[in-house]
Each structure stands twice: as structure tokens, then as C-alpha cells.
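What follows is each chain in one-letter form.
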Amino acid sequence: MVKVELGGGMRYVRTMAVPRRNPGELQIDLFCHGVRIAPDPCLASDARPIARTRAGLGSGLELIVPGDLKDLWLNAPVEEDFVRSSPYELKRGETGWVVTDTRNGEVYPVGLPQEPDWYDAATSSGTVMREIGVLQGTYLGIYVSNSCMYWYKDEAKNCRFCTTGFNVGVNEMADKDVREVVETAQRAKDESGVTFVHFNTGYQNGRGLQQLAPYVKAIKEEVGALVGVQAVPPAREADLWQYDWLRDLGCDHFSFCYEFQDPEWFAKLCPGKQETVGQQAFFRGLEYCQSRMPKGACSGEIIAGVEPLEATHAAIDYITGVGAFPTVCIFRPVVGSDMEHYPSPAFEDMVPIMRHMYLACRKQRIPIGAAPNIEVSLIVNPDDAQYLVPRTLGFRIDRMRLGIVKRLARSHFNKELRKRKVAGDLDMPDRREGVATTS
Amino acid sequence: MIVDGDHAPVEVDGDGPVAVALLGALQMSDIRFEVDPGRAGIDLLCLRCSATAPNRARVKIFAPRSGTTVAFIYKDPQLPLSTDRFAYGALVLKNRPASDEETVALIEYLASGLHPELRPPTLKRAFPFDVPR
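Structural notes, computed from the coordinates. Residue numbers restart at each chain and count upward from 1, following the sequence in its written direction. Each chain is given a letter, starting from A, and each ligand a number, starting from 1, according to the order in which they appear as written. Two thresholds apply to this predicted model, a pLDDT of at least 70 for residue-level local features and 80 or more for giving and counting side-chain atom pairs, whereas whole-chain, interface and lining totals are computed over all residues. Calculated side-chain values reflect all of the structure's heavy atoms, with hydrogen atoms and water omitted.

## Regarding a nonpolar patch on the surface
Residues and elements named next belong to chain A. Heads up, the rule is: Patch membership is restricted to residues that have no salt bridge and whose relative accessible area is over 30%. Joining uses 9 Å for like charges and 5 Å for the nonpolar side chains Val, Leu, Ile, Met, Phe, Trp and Tyr. Here the open area of atoms and residues is found with the Shrake-Rupley method and a 1.4 Å probe, where only the protein chains shown may cover a residue. Within this document, salt bridges are pairs made up of a side-chain nitrogen of Lys or Arg and a carboxyl oxygen of Asp or Glu, the two lying within 4 Å of each other. Only DSSP runs of H or I covering at least 4 residues are called helices, and only runs of E covering at least 2 are called strands; the numbering of each starts at the N terminus. Under the scheme applied here, a residue whose accessible area is under 20% of the maximum for its type counts as buried, over 50% as exposed, and between as partly exposed, the area being computed with a 1.4 Å probe on protein chains only.
On the surface, Leu393, Ile397, Met400, Ile404 and Leu408 cluster together to form a nonpolar patch covering roughly 530 Å² of accessible area. The residue isoleucine 397 is located in helix α12 (residues 393-416) in this model. You can call isoleucine 397 partly exposed: its relative accessible area is 36%.

## Description of the state of the cysteines
All names here are of chain A. Applicable threshold: Only a pair of cysteine sulfur atoms within 2.5 Å counts as a disulfide in this structure description.
In total, this model carries zero disulfides over all chains according to the counting rule given. Free cysteine: cysteine 148, not disulfide-bonded; nearest cysteine sulfur from cysteine 159 at 6.6 Å. Given the relative accessible area of 8%, cysteine 148 is considered buried. Sulfur of cysteine 361: no disulfide; nearest cysteine sulfur belongs to cysteine 298 and is 14 Å away. Residue classification places cysteine 361 among the buried residues on the basis of a relative accessible area of 0%.

## A short note on the sheet that holds strand β9 (residues 134-136) of chain A
All names here are of chain A. What counts, and what does not: We treat two strands as partners when DSSP finds at least two bridges between them. Only C-alpha atoms enter the line fits that serve as axes; for helices the fit covers just the stretch in contact. Angles between N-to-C directions range over 0 to 180 degrees. By definition, residues are in contact when any of their heavy atoms lie within 4.5 Å.
If you walk across this open sheet you meet the seven strands as β9-β10-β11-β12-β13-β14-β15, and the pairing is mixed. Of all the strands in the sheet, the pair left with one neighbour each is β9 and β15 (325-330). The average angle at which neighbouring strand axes cross in this sheet is 30°, direction not considered. Strand contacts of helix α9 (residues 279-292): β13 (253-259) and β14 (298-304), with the helix running at about 155° to β13, the strand carrying the most contacts. Together, β13, β14 and β15 form the strand contacts of helix α10 (residues 309-321), whose direction differs from that of β14 by roughly 180°.

Geometric values such as these leave the question of function open.
Rendered as C-alpha cells:
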């Protein structure tokens, strides 16, 4: 590979045969190129249906890449235009599904997670459960309410890479009742072993955190699962106490999707976030929450492959520096999005980013991979990137350390996976003093 | 012109005068739209192909509530196991017919295969109702 200037930017150009990928490299290469699917009548019965429900950046086929350190989940692009020229093809091999790299003939066995039975089950109100929430990897993702309000402005202020507004009401229910969410989450826990339920609201005119409260409480008290929340943070510092309130209601994790570190890229591609709260609100929220919660309880969500790579490096350093973990999505020009015609990032650019993510987490001693059975298919999980570093003695000692942390955390997580009465009340306290949780 | 699965011209009935007027405009257009009777509302596939690929643009005309008519623009997935619809927005008409400009822009957008530069400015990107299958 050589790096050359092409079309106004630096790009890698292939000059030699592509080597066999290890599982971590294959995951990244599949994110960047997507996978073509050979016609096969068995695919529909073997695989999870492709569902872009609640998908900002994902709309693909769920795959599992087996590995000796861990199996890797990914949502591989299949519908986007760039996939037509992908070197990867999915087909049925003699012993199961394989991905073949047509550049070098390498064959990689992959798993296709099956569609859970509960996807087609109905809630007591008659809604099909897949329209309430879908598995994204091994967790249940639920977009709780009407679409992100950035989509409703006369001049749309939606994030330019996102298609969420196009999904709600089209591919999923517009309004989700707490009862239906509880029923869906219970089936997902019982039948799919789900341990983590993640709620997202998009922008709700500053009321996102309030809107999520009843769902958080219901899952903790009636299902018993780890609960994560993603909402546009309050614009005012004085309103950050709402996070404490949600913690009282049982929330275990907050994620802050600020997408781009460079303020100019943030403003350009996230015009709604820029106009309503500003990039600093995300930093303020992340720092506030992470400073009050165990290391690695919060995350900063960014997109790699659009802004300059140095900015993505800086984002990873910032997020891990505050004690949170980075969730790094590889940019995908999703069908229907404003950035549909942008190029997909280069594998050679993404590998150093993900390697840096892993190393930064280890440098800051972020306990990655400690929570039970949480594999996020839309991103390269921090511990997925362990495949990208040499297996030195230090690496092995580090893995041993993480194993110990995981064992020590087990009892805490087991407790959180049982139904429990939460300390908080749904009546929103008038002010910070009304919140039980303190730092 | 609106045609059936055999590409024979066909008349379709809209739900209310706003839908009837919009369908009338599509009927009079020199671009062919194939109606799919198996889908909710009046669901039409634009048959004008580009030089390189078949046109995947579809429009579904339906009434989510009394007094509101919607022309929902979308593409079907390319993969048979996908249940997704790729939405591109909707012309939402509340107690009024589509203007001539809106109708022309809509037809041009569909005929272009949903080219981003031809996106009608009045298309709503999000709407507070479910789009029937």
C-alpha cells in the first residue's frame, strides 16, 4: 500500500497482494467494504433479518467473526452502493457460512446470528416486538419515542450521516408504550440472553432525559437488566442533575454521541446539535456523569472516517482521559442519508484508529469488556481491537488484569441483572437537592 | 401513466380528492408508474430507468388521518431478506391539494431515481404517524 493524493485527499492505493486478515482486521475491512451476498435460499432462514430500526449508521447484516481472543460482532454493510465493489462475498461453504476475499482467495468462516422467535411475537397491545426494539449485536436497542426533533424543523437540522428520522414510523413504531417495551425486553432477556437495554431519544427539545425516565425504572424493576441511555445532553449546566435522577432510577450507563471532535466538523455535520446545545454540552455531560460513576461506566461516541484522523485520535484521548470508553463507529454512507454519496473510509486509515483506541483504554486502565455479554455490532468495541496489537508479555499480563477485573465485577453485574426496586421516583425533583445519588 | 404488473394502463382510485388529484397528475405524466395492489395505500414504482441501473424509487399515497394525504417516497431493499424501507421523506398535504410545482418536483424526483439534487424542498423528512406496509 502506498498513500497518494487522490481526489483532494490522501488515499491508500493497493500495490501488492492483500494479506490474510486476523479477526480484528477482518471486522474493520468488512465495515469499510461491506459484503456482497451470493444468492442463497438458506440465508433468509439462517440470518437475522436486516433491520435499520433505530439505525443512525447501521443497516446491515449481523455477522460474527470467530476468534481465539473473543468472537467479534459486526453489522456489515450490504445495501449501500459502495458494497457493489466489495472484495468480500458471503456464501455458504461446506461446513457453514464463509466470507471470501476475492483479492487473494482467503476464506473466513463467519457466524450468522439467527432471528430470535420473539421478533415476530406481539406485545399485549398487538405490536410486533421487532418494531419496539431490535438486537444490535447482543444488546437490545430501543428508540423510545417520536423521531429526533432535528428532523422536524422546517429546514432539517438532522445529523448529516443519520437516517433515524426516516426510520421511525416507517420501519418501527412512532410511539412506544412502557408496557410494550417491558414485554419486549423480558422476551429478549429470556430468549436471547440480553443483559443490556439501551434507550435512545435523539433530540427532544431538551426533554429527552425526562422522557426516558419511566422506561429506565420499568426495566430495572420489572425485567432486571443493565440500562443505558443516550440523549442530547442539557444545554445548561444547571440541568445536569437530571443524570443523577436517572441514576436513582437505575441507569447504569450514559453515552454521549458528539460524533466529531473537530468543532468545525461538528458544526457542519451536526447542525441541530450545534444550534441547540453546542459541542461543549456533550463534553460537560460526559465529564459530569463519568466523574460520578465507576470508571468506564460512560462512553463518548464518535465517527471515524470523516473528519481528519488526528481529530479522531484526539477524541479517543479526550474520552479515555476522563475515564470513559470510546465507542468508535466507522462511517457508513447509509442509503437515504445526506451523506449517501460520501466514500466509505479506507481500511488502512481505520486500523491505526482502532489500535489507538485499544491502547488508550489500556493506558487509562478503562475496564473494557467487563460487563457480561455486551457486544455492540455497530462499532468496533474497544476490546475487539486487541487483535490489532502484538501479543507481547505486556499484552498477556494486561489481559490477565482485565480478567481479574471482570471476575471482581461479576457480583455487581449479577445484582443488576435481577429485578430490584430503585431508589428514585418518577416525579421529577424540583432541583438537584431532591436527588438521592451523590458523587 | 399508471400501469399494472403487465405494464397495461390501469385506473386507480385515490382515497379522497387530494389523492385523486395527485394520482391524476401521475396518470397524465409521460413516465410510467407500476401499481402494486398488494401494498397498503396506492403504491407505485417508477419505471424510468437510469443509464446504469433500474429505478428503485417508489411512492405510496395514503391517508394517515382524516384531512391528511401523504405521498411517501422510498426505496425497497435490494436484499430479499431485508424488511427495511429506505425512506426519502414525504409530501404531507393537510386539507389542501398539491400545488403544480410540488407535483412536478415530485415526479421529477421519482424519475431521477431520487437524486439528492432534485429533492423537492417541501418534502418532510419526519412525520408523526406510521407508514402502512
